[in-house]
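These are the residues of each chain, in order.
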Amino acid sequence: MTSTKALVWFRSDLRLNDNPALYHAIQKGYQIIPIFIWAPDEETPWAPGAASRVWLHQSLACLHQTLKDQGSQLILRHGPSLETLKKLIHETKAHAVFWNRRYEPAVIARDQEIKKSLKEDRIDTESFNGSLLFEPWEIKNKQGQPYQVFTAYWNFIQSLDFSRSPYPAPPLSSPTQFPKSESLESLNLIPKISLDRGIRHTWSPGEKQARLLLQKFKNAKIHDYTEMRDRPAIEGTSRLSPYLHFGEISPRHIWEELKHQKHSLPYLRQIVWREFSYYLLYQYPHTSTEPLRAEFKNFAWDTSSEASARFKKWQRGETGFAIVDAGMRELWETGWMHNRVRMIAASFLVKDLMIPWQHGAQWFWDTLVDADLANNTMGWQWVAGCGADASPFFRIFNPALQAKKFDPQNTYIQQWTHENTHPIVDHEIQRQKALSAYKQLKN
DNA sequence: TGAAATGTTGGGGCG
DNA sequence: ACGCCCCAACATTTC
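Keep in mind that this is a model prediction, so the values were computed, not measured.

1. Thoughts on the environment of Ile89
Link 1 in the chain: One can find Ile89 in helix α3 (residues 81-92).
Link 2 in the chain: For Ile89, a count of 21 C-beta atoms within 10 Å gives the class buried.
Link 3 in the chain: Sequence separation between Ile89 and Leu7 is 82 residues, and the spatial gap between their C-alpha atoms is 7.8 Å.

Given below as structure tokens:
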């Protein structure tokens, strides 16, 4: 048993259970110093948005409390990651840094630099997979190419070995002294505008709550998930997306918990959609800003001033299309939108308003508590028809029909909207326009 | 994880 | 009893 110290660098893995970096640091006999570094600039152009920051603030508080209960602490710092790590290493005389990987292109590049630099300083750096079922570089089709169609990817994933069980939360071993921590408040994660009130009212971030929600889902909701998941008026989904994004629960844990449960496959398939999005972003790192299908660079988006006025109406939920407006208001008020409604609202922006999907992606990025670069990118490209396995551009949602199908009693719509506004466009006319723009692209 | 347009079929009303 | 029409229900094609 050594008594040397290691930094455990928490990032998108704000949990103690099934945390490979933490588990292995303890396994190796280190006294561990949990740290979190706030360095949003390093993720440009996808620094965490406002809603994400509110969530993060709460999650860090939860994680700190959990650590404290076991005689540890979460050391908070802000500043460039590498510099901050080096400072902490100097202050604590730590010999090693452990972390779980992230998969956003900018973060991958940054982490590679950090690893290289720390190795030059003779620091032992070890990184692990804590966020995915499988590493994205391990999966190729029979031709050795990345999968581009979900079904093929899904079939392949199901044939793989899932036998590694989640790691338990290890008993923590702490040094006699911790370095100084900045205060959580000094990270300024809570915005000046009152956007955080609805989020705080709707959500309880943290590992404990994530596990509770999973149990609730397993016991009550999973049985008729297939029927209920598309009904926005009903809490038929797990609502685990923000917890998954921040790593308050791991997909492996979810898999293990549900794999022998009856009727769990449709839900596990959704977990693999998440996996697929990480895979795609890893294989095609430019896609968070550029369409995967290059011909879409020439698409005739509406860039007029009318379009920018309409974009504002879309953001505010004032399009006059009830289901779209309800969704956009749910988003603003709670930091979350039901997945079915995300598709409808996104389709409306891209196809009825012909506004570039990147604008919608940016808005979702700022307002969703579960804003996740991989999921957000794949979702928007799917809707726009320019991504992998995308619905063809000519698949156009009819907001009225979708509402009739999935919110037949108008319950959801009435929950989030109270007045009737006039449609800002004519769906049938916009549909025709979108179709002709698509035709143009094909020629 | 779409919707509209178009095509086909078959049952029933009715002369 | 038969042919014709209508149209709903379903299937297929098209965007």
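Back to the text.
2. Regarding the sheet that holds strand β5 (residues 124-128)
Link 1 in the chain: Pairing is parallel across the open sheet formed by 5 strands, whose spatial order is β3-β2-β1-β4-β5. Two strands in the sheet have a free side with no partner beyond their single neighbour: β3 (75-78) and β5. With direction set aside, neighbouring strand axes in the sheet form an average angle of 25 degrees.
Link 2 in the chain: Two strands pair when backbone bridges link them, and strand β1 (residues 5-10) and strand β4 (residues 96-100) are joined in this way by 4 bridges, in the parallel orientation. Among the inter-strand pairings, Val8 is bridged to a residue of β4, identified as Phe98.
Link 3 in the chain: Along the sheet, helix α1 (residues 20-27) contacts β1, β2 (31-38), β4 and β5; its crossing angle with β4, the most-contacted strand, is approximately 150 degrees.

3. A closer look at the nonpolar core
Link 1 in the chain: Of all hydrophobic cores here, the largest spans 112 residues; its most connected members are Ala6, Leu7, Val8, Ala25, Ile35 and Ala345.
Link 2 in the chain: The dominant element in this core, judged by the number of residues it contributes, is helix α11 (residues 265-283), at 9 residues.
Link 3 in the chain: The contacts of Leu7, once residues within four sequence positions are left out, are Ile33, Ile35, Leu85, Leu88, Ile89, Ala94 and Val97.

4. Quick notes on the packing of helix α5 (residues 150-158) against α11
Link 1 in the chain: Between α5 and α11, whose axes approach to 10 Å, the crossing angle comes to 110 degrees. The angle between α5 and α11 places the two elements in the roughly perpendicular class. Contacts between α5 and α11 involve Phe150, Tyr153, Trp154 and Ile157 from the first element and Arg269, Val272, Trp273, Glu275 and Phe276 from the second.
Link 2 in the chain: Counted by class, the contact of α5 with α11 contains 7 nonpolar, no polar and 2 charged residues.

5. What about the packing of helix α15 (residues 357-367) against helix α16 (residues 373-384)?
Link 1 in the chain: Closest axis-to-axis distance for the α15/α16 pair is 10 Å, and the angle between their directions is 145 degrees. Every pair of crossing elements has a handedness; the one defined by α15 and α16 is right-handed. Contacts between α15 and α16 involve Trp357, Gly360, Ala361, Phe364 and Trp365 on the former and, on the latter, Asn376, Thr377, Trp380, Gln381, Val383 and Ala384.
Link 2 in the chain: A breakdown of the residues in the contact of α15 with α16 according to their chemical character gives 7 nonpolar, 4 polar and no charged.

6. Side note on the domain arrangement of chain A
Link 1 in the chain: Per the domain assignment, the segments making up chain A are domain 1 (5-129), domain 2 (132-165 + 200-283) and domain 3 (288-442).
Link 2 in the chain: Using only C-alpha atoms to locate each centre, domain 1 and domain 2 end up separated by 24 Å.
Link 3 in the chain: Each side of the interface is counted separately: domain 1 has 15 residues, and domain 2 has 17 residues.
Link 4 in the chain: Class assignment of the residues belonging to the side of domain 1 that touches domain 2 gives a composition of 6 nonpolar, 6 polar and 3 charged.

7. Brief notes about the protein's contact with DNA strand B
Link 1 in the chain: Trp273, Ser391, Phe394, Arg395, Ile396, Phe397, Asn398, Leu401 and Gln402 make up every residue found near DNA strand B.
Link 2 in the chain: Of the residues assigned to the surface near DNA strand B, the class counts are 5 nonpolar, 3 polar and 1 charged.

8. Concerning α11
Link 1 in the chain: With 19 residues, α11 should cover 27 Å at 1.5 Å per step; its first-to-last C-alpha distance of 26 Å lies within 8% of that length.
Link 2 in the chain: Residues of α11 that are buried include every one of Tyr267, Leu268, Ile271, Val272, Arg274, Glu275, Phe276, Ser277, Tyr278, Tyr279, Leu280 and Leu281, and no others.
Link 3 in the chain: Tucked into the core, α11 has its buried residues touching α5, α8 (225-228), α9 (241-245), α10 (251-258) and α16.

Scoring rules and cut-offs
Within every chain, residues take consecutive numbers counted from 1 along the sequence as written. Whichever chain is written first is A, and whichever ligand is written first is 1; the rest continue in order. The model is predicted, so local features are restricted to residues of pLDDT at least 70 and side-chain atom pairs to those at 80 or more, both for listing and for counting; the totals for chains, interfaces and linings are taken over all residues. Numbering of helices and strands runs from the N terminus, with a helix taken as a DSSP run of H or I at least four residues long and a strand as a DSSP run of E at least two residues long. Exposure criterion: with C-beta atoms placed from backbone coordinates, a residue whose C-beta has 20 or more other C-beta atoms within 10 Å is buried, one with 12 or fewer is exposed, and one in between is partly exposed. Between any two strands, pairing holds if DSSP finds at least two bridges. In this analysis an axis means a line fitted to C-alpha atoms, helices contributing only their contacting stretch, and an angle means the value between N-to-C directions, from 0 to 180 degrees. Here contacts are defined at the residue level, using C-beta atoms placed from the backbone and a cut-off of 7 Å between them. By definition, a nonpolar core groups buried Ala, Val, Leu, Ile, Met, Phe, Trp, Tyr and Cys residues that connect through C-beta atoms lying within 7 Å of each other. Under this scheme an angle from 65 to 115 degrees is roughly perpendicular, one under 35 degrees roughly parallel, and one over 145 degrees roughly antiparallel; angles in between are oblique. The classification used treats Ala, Val, Leu, Ile, Met, Phe, Trp, Tyr, Cys and Pro as nonpolar, Asp, Glu, Lys and Arg as charged, and all other residues, Gly among them, as polar. For any helix crossing, the convention is left-handed if the near helix is rotated counterclockwise from the far helix by under a right angle, and right-handed if that rotation is clockwise. Note: domain ranges come from an automatic or database domain assignment. In this text, near has one meaning. A residue is near a molecule or strand if its C-beta atom, placed using the backbone, is within 6 Å of it. By this rule, a helix spans an expected 1.5 Å times one less than how many residues it contains.

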